[in-house]
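# Structural features, examined
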Amino acid sequence: FDQTAPFFQAFSSKLKGEWICRINATVVDALLVGFGLLEGHTSHWGLATVVGYFLFDVIHMLLYDPTYLTGLSHHVISMTLVGLGKLAMTDEQAASATTAAAILMSTSPLLNFTWLLHKSGNSTHPLFKYIAALMAISYGVIRLGLLPWFMATKMDRVTAAVFLPLLGLSIYWFYQIAQMG
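Bear in mind the structure is a predicted one, so any value in this text is a computation, not a measurement.

## Thoughts on the nonpolar core
Formed by 48 residues in total, the largest nonpolar core has its most connected members in Leu116, Leu147, Met151, Met155 and Phe163. When contributions to this core are tallied by element, the ones reaching two or more residues are helix 1 (13-38), helix 2 (44-64), helix 3 (69-88), helix 4 (91-105), helix 5 (108-119), helix 6 (126-154) and helix 7 (157-180). With 9 residues, helix 7 is the single largest residue contributor to this core. With sequence-adjacent residues up to four places away left out, Phe163 is seen in contact with Ala97, Ala100, Ala101, Leu104, Met151 and Met155.

As structure tokens, this is what we get:
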């Protein structure tokens, strides 16, 4: 990664480890849930994968940056909502929730890469501007457009109630993203 992203060389080894881990974890989670949906596995396992990702990232944040309370609380809330929702959902509700989770998680790798560029002090670099624009568009269309539509048209009220706070968190993070540029 050092060769393809020279800005990364300036990071300490701890910060490199944090971001390599974070980007890889979001890519793996998005791929697992996405491919699972394509293969027809849309039940409780997909939600368990999402809860596992949130648990991993909470532990990761506690190890690397326990002072980042906004990100930490976001993942604790998300993990709790999805985990408790998973326990109460029927297979049909879990399938709907797994699809919604896949919609949400599809933007996470690009979001983390944008955050990485920003955190490394490259907010003025042309690459950052293109990546941030692509991420803001995809985030806006997917999390703020597709997810509410999916919740309104494809989910029952119980399952949508689990995802409503997650939609609220997505709106908050979109605001934070807009502040980066």
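## Focus: the packing of aromatic side chains
Using the criterion set out here, one finds 4 aromatic pairs in the structure. Geometrically, the ring pair formed by Tyr139 and Phe174 is stacked, given 5.8 Å between the ring centres and 15 degrees between the ring planes. Placement of the pair is Tyr139 in helix 6 and Phe174 in helix 7, with a sequence separation of 35 residues. Among the residues examined, Tyr139 registers a relative accessible area of 0% and is labelled buried. A relative accessible area of 28% means that Phe174 is categorised as partly exposed. An angle of 70 degrees between the planes, with centres 5.2 Å apart, marks the rings of Tyr172 and Trp173 as edge-to-face. An aromatic cluster of at least three residues, connected via ring pairs, comprises Trp115, Tyr172 and Trp173.

What counts, and at which threshold
Residue numbers here run from 1 along each chain, matching the order of that chain's written sequence. The predicted nature of this model means local features are confined to residues of pLDDT at least 70 and side-chain atom pairs, given and counted, to a pLDDT of 80 or more, with totals for whole chains, interfaces and linings taken over all residues. Side-chain descriptors were evaluated using all non-hydrogen atoms of the structure, hydrogens and water having been removed beforehand. Definition of nonpolar core: a set of buried residues of the types Ala, Val, Leu, Ile, Met, Phe, Trp, Tyr and Cys, connected through side-chain atoms within 4.5 Å. For every residue, the accessible area (1.4 Å probe, protein chains only) is compared with the maximum for its type, and the residue is labelled buried under 20%, exposed over 50%, or partly exposed between those bounds. Elements are defined by DSSP. Helices are runs of H or I of four residues or more, strands are runs of E of two residues or more, and each kind is numbered from the N terminus. Residues count as neighbours in contact if any of their non-hydrogen atoms are within 4.5 Å of one another. What counts as a ring pair is set by centres within 6.5 Å for rings of Phe, Tyr and Trp (its six-membered ring), and what kind of pair is set by the plane angle: stacked under 30 degrees, edge-to-face over 60, tilted for all other angles.

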